[in-house]
Amino acid sequence: MDFKYDVIVVGAGHAGNEAACAAANMGSKTLLITMDMNKIGQMSCNPAVGGIAKGQIVREIDALGGQMGIVTDRSAIQFRMLNRSKGPAMWSPRSQSDRHQFIQEWIKAISDTPNLYIWQDTVVELLINNKSVVGVKTALGVEMHAKSVILTNGTFLGGLMHIGKNQLKGGRISEPASYGITEQLKAIGFTSDRMKTGTPCRIDGRTIDFSKMTEQIGENDFHKFSFLEGVKRELKQISCFITYTSEKTHDELRKGLDDSPMYNGQIQSIGPRYCPSIETKIVTFADKIAHQLFLEPEGVDSNEYYLNGFSSSLPLQIQINALRTIPGLENAHIFRPGYAIEYDFFDPTQLKHTLETKLIKNLFFAGQVNGTTGYEEAAGQGIIAGLNAHINCHVGKPFTLGRDEAYIGVLIDDLVTKGVDEPYRMFTSRAEYRLLLRQDDADMRLTQKGIDLGIVKQNRAEQFVSAKEEQAKLIDFIRNYSIKPAYINEFLASKESSELKHGCKLADLVVRPQLGINELAAAIPALKAKINDIKSRKDEIIESAEVILKYEGYIVREKLIAEKLQRLEHIPLSGRIEYSEIQSLSTEARQKLTKIDPKTIGQASRIPGISPSDVNVLLVLLGR
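None of the values given here were measured: they were computed from a predicted structure.

1. Overview of the nonpolar core
No. 1: Counting residues in each nonpolar core, the largest one holds 100 residues, and the members touching the most others are I8, V149 and L363.
No. 2: Here this core gets ten residues from one element, more than from any other, and that element is helix α9 (residues 375-394).
No. 3: Core analysis: the next-biggest nonpolar cluster, separate from the first, contains 27 residues, L474, C504, A507 and L527 among them.

Below, the structure written as structure tokens:
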């Protein structure tokens, strides 16, 4: 057996799978190494994909030709569009998945990918020659060679789990941790630290009294994650349920704080501020008498439920006692307790925007190893690392995304420019150009880039071109079709919308808050006929066209702002200035610019501690 590849990916989680599929679909001979072939794409925490800003990332992955959207749709047991009451920049798709089916869909996706091979083993060492990675060595003693290597180790590097005073070595419950890589990279000069995350107990659904909870039913309209027309939800749809903690719950939890790894000094690493454990909630928000909890089903044929909002590392009996004070869970039986896990990560400022490391050529990091949290953030990094690993093997222009092009671009720029001081989670508030990065237009933003790269397959490319043309025709028709008052006023009155005094274009009516394209089509036969002519993805095209028309002024203004700031992104900086010798820069600026070595003036301007005056000094030095 010849262990020579173009790309080796270490770890078959959400980052690793996207990286491996991307590299292989681009044409690289790719090897995916995993400890357990039966847990490819395992959902280590909650059985859900998407959510605020995260759903946009999954849509972007799909638009680029990635797999996560397809896998999620085919394993979905509930779908919801979050933030519908807000503007379209905030709409975020979220889906519950059948945990077992999610793995099976990932296995199928990988099996159907040409050039992609799997090896079950643990990587213990990187093979490095002349500051360039050339392969890996495994626990079985096998040496495998490659032109590029991508590390996507998740929580497995030095993983240590905590349940009260009990500590278990492992990367996930019942799975061993990985050792050797962190120690090797630190010896080379990489900066590493420890982070902490956690997960709640899993509950037997047969012991839950759902009558005491509020049922949350999913939606069943046209929305989904994948832009591919043939991909859809096929599994039985299941409800989630909402319940609440109480003061009695909090009293039981407080009894265990002395034995809490979070508060007795047992855990020293950095925990997530935006997804805190239940013990952190009752300490941080001591005046709050209740916290909302979500019971999420694990699958169609499973009795297992995930208690979202109740992550904990408290002793087992404390978790059980507190659980039984919650409405509907008084007689709950748990399959396993919640636990916290500490693991190694590397300072992401040691990476380029391609996710290649600065210290070792052809070595890429993606996922939680970079200090992020969440399946979606990991997968977004994975597809970018996979594309660039392939490009490094076969020579080409590095592929990166700007902050005005994708949430993935915001994510990676934040990581490599600012670093992390807690597990990084994506929010819509992190993006300056939210209206340009909507979930509905991810394909219009990114699919052509995927086509140009060669990762987007022919069927997706054809569907994209068709949808783009159909959308343009619909918008053009609405902008140019004239409406007379006598023709439409009765309808406008029925919708409590102001009657026309003069004729206008149909677009002038679409922008009214009370009206939409579908509503107007009921009164305007020509518009209805135009809609009926749309051959595929009709509902998506109508929704996106309506957003473009209603928010056109805001979208144009945001694009102008982005274009102005983009000028700084085109002024190269890396390697042109010896920062330590520039006394007109602040001490902090000299230190941070030296450490991060920003590629452009734009990136330099986003480094925490770099002031506008420091940016002006750099511009003067560059003769700008």
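2. Observations regarding the packing of helix α12 (residues 458-480) against helix α17 (residues 538-550)
No. 1: It is the contact of α12 with α17, at a shortest axis distance of 10 Å, that shows an interaxial angle of 50°. When the axes of α12 and α17 are compared, the pair comes out oblique. Judged by the sense of rotation from one axis to the other, the crossing of α12 with α17 is right-handed. Facing A467, E470, Q471, L474, I475, I478 and R479 of α12, the residues of α17 in contact are I541, I542, S544, A545, I548 and L549.
No. 2: Here the residues of the contact of α12 with α17 are counted per class, giving nine nonpolar, two polar and two charged.

3. Let's talk about the environment of V134
No. 1: In this structure, V134 sits in strand β8 (residues 132-138).
No. 2: Residue classification places V134 among the partly exposed residues on the basis of a relative accessible area of 28%.
No. 3: Separated by 129 residues in sequence, V134 and Y5 have C-alpha atoms that sit 9.9 Å apart.
No. 4: Among residues more than four places away in sequence, those in contact with V134 are L127, I128, N129, M144, H145 and A146.

4. Details of the packing of aromatic side chains
What characterises a pair of aromatic rings is the spacing of the ring centres plus the angle enclosed by the ring planes.
No. 1: For the coordinates displayed, the defined rule picks out ten aromatic pairs.
No. 2: Judged by centre distance (4.5 Å) and plane angle (40°), the rings of F210 and F241 are tilted. Of this pair, F210 sits in the loop between β13 (202-204) and β14 (214-216) while F241 sits in strand β15 (residues 240-244); the two residues are 31 residues apart in sequence, bridging distant segments of the chain.
No. 3: By the ring-pair criterion, three or more aromatic residues cluster together here, those being F190, F346 and F365.
No. 4: In this arrangement the basic side chain of K29 is found over the ring face of Y5, its NZ or CZ atom lying 5.0 Å from the centre.
No. 5: Here R59 stacks its cationic end above the ring of F227, 3.8 Å away from the centre of that ring.

5. Focus: the pairing of strand β9 (residues 143-151)
No. 1: Relative to β9, strand β1 (residues 4-10) runs parallel, the two sharing six bridges. What sits directly across from Y5, in β9, is A146.
No. 2: The antiparallel pairing of β8 with β9 creates a hairpin that spans four residues between the two strands, and G141 there sits at a positive phi of about 85°.
No. 3: Here three bridges tie β9 to strand β20 (residues 363-365), and the two strands are oriented parallel to one another.

6. Some details on the environment of E569
No. 1: With respect to the helices and strands, the residue E569 is situated in helix α18 (residues 552-569).
No. 2: Sequence separation of E569 and G402 is 167 residues, and the distance between their C-alpha atoms is 9.0 Å.
No. 3: Residue contacts for E569: discarding those within four places in its chain leaves T600, G602, Q603 and R606.

7. Overview of the pattern of salt bridges
No. 1: Taken as a whole and judged by the stated rule, the model has 37 salt bridges.
No. 2: The salt bridge partner of D62 is R460, with a shortest N-O separation of 2.9 Å. One end of the pair, D62, is in helix α2 (residues 54-63); the other, R460, is in helix α12, with 398 residues separating them in the sequence. Taken as a pair, D62 and R460 share a single burial class, namely buried.
No. 3: Through salt bridges with shared partners, a single ionic network connects R403, D413, D414, K418, E432, E569 and R606.

8. Thoughts on the sheet that holds strand β19 (residues 339-346)
No. 1: Spatially, four strands are ordered β11-β10-β19-β12 in an open sheet, and the strand pairing comes out antiparallel. Each edge of the open sheet is held by one strand with a lone partner, namely β11 (166-169) and β12 (192-199). Averaged over all adjacent pairs, the angle separating strand axes in this sheet is 25°, with direction ignored.
No. 2: The pairing of strand β10 (residues 160-163) with β19 spans three bridges and is classified as antiparallel. Opposite M161, over in β19, you have I341 as the bridge partner.

Procedures and definitions
Residues numbered from 1 in each chain as written. Predicted model: local features only at pLDDT ≥ 70, side-chain atom pairs only at ≥ 80, totals over all residues. Heavy atoms only, no water. Core = buried A, V, L, I, M, F, W, Y, C linked by side-chain atoms within 4.5 Å. Buried < 20%, exposed > 50% of the residue type's maximum accessible area, 1.4 Å probe, protein only. Helix = DSSP H or I, 4+ residues; strand = E, 2+ residues; numbered from the N terminus. Axes fitted to C-alpha atoms, helices over the stretch in contact; angles between N-to-C directions. Parallel < 35°, antiparallel > 145°, perpendicular 65-115°, else oblique. Left-handed = near helix turned anticlockwise from the far one by under 90°. Contact = heavy atoms within 4.5 Å. Nonpolar A, V, L, I, M, F, W, Y, C, P; charged D, E, K, R; others polar. Phe/Tyr/Trp six-rings, centres within 6.5 Å; stacked < 30°, edge-to-face > 60°. Lys NZ or Arg CZ within 6 Å of the ring centre and 35° of its normal. Pairing = 2+ DSSP bridges. Salt bridge = Lys/Arg side-chain N within 4 Å of Asp/Glu carboxyl O.

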